[in-house]
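As a plain string of letters, each chain reads:
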Amino acid sequence: MAKIKVYLDNCTYNRPFDDQTQIMISLETEAKQHIQQLIMRRKKMGNTTTIMERGTKILLENLGVLGTEQFIATLLKDPINYTEWSREYFADYDPAKFLADAIEFDKNNPVSIK
């Protein structure tokens, strides 16, 4: 199974207040609530410092020092609109498959914060 990354941006947190008669919005809401419940149940919600430390560690392990610096510089120079980017990136991704993959990914990759 292909691994996917799920980003919970500010729009995601507002999904429960959107028009739930639209299947995509309904499924995104369900996925968001599932992920949020898992986080809260495990009490793994980190503060900003923890998230920054974990993110930096992951970037350094995968991109090295120079790649990490280039990544951060790119974000600062050319910030992206995540909502627009995700619409293009996931345009052909079936919403039901997205939810199933997110649940399966969670089962296979339990969250742990050190």
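Scroll up to find the structure this text is about.
Predicted model, so just to flag it, every value in this text is computed and none were measured.

(A) Representation of the overall build of the chain in the model. For the chain, the count of helices and strands is five helices and zero strands. Reading the secondary structure of the chain in the N-to-C direction produces α-α-α-α-α. Partitioning the intrachain contacts of the chain with sequence separation of at least 6 by distance along the chain shows that 65% fall at a separation of at least 24.

(B) Fine view of the pattern of salt bridges. Following the criterion strictly, the structure yields three salt bridges and no others. One salt bridge connects Arg15 with Glu28, and the closest N-O pair in it is separated by 2.5 Å. Of the two residues, Arg15 is situated in the loop between helix H1 (10-14) and helix H2 (23-42) and Glu28 in helix H2; the sequence distance between them amounts to 13 residues. Note on Glu28: relative accessible area 26%, which makes it partly exposed.

(C) Up close: the packing of aromatic side chains. One pass over the full model with this rule turns up six aromatic pairs. Here the aromatic rings of Tyr89 and Phe90 are separated by 4.8 Å at their centres, their planes lie at 85°, and the arrangement is edge-to-face. Each residue in the set Trp85, Tyr89, Phe90, Tyr93 and Phe98 is aromatic and connected to the rest through ring pairs, giving one cluster.

Conventions used here
Residues numbered from 1 in each chain as written. Predicted model: local features only at pLDDT ≥ 70, side-chain atom pairs only at ≥ 80, totals over all residues. Heavy atoms only, no water. Helix = DSSP H or I, 4+ residues; strand = E, 2+ residues; numbered from the N terminus. Contact = heavy atoms within 4.5 Å. Salt bridge = Lys/Arg side-chain N within 4 Å of Asp/Glu carboxyl O. Buried < 20%, exposed > 50% of the residue type's maximum accessible area, 1.4 Å probe, protein only. Phe/Tyr/Trp six-rings, centres within 6.5 Å; stacked < 30°, edge-to-face > 60°.

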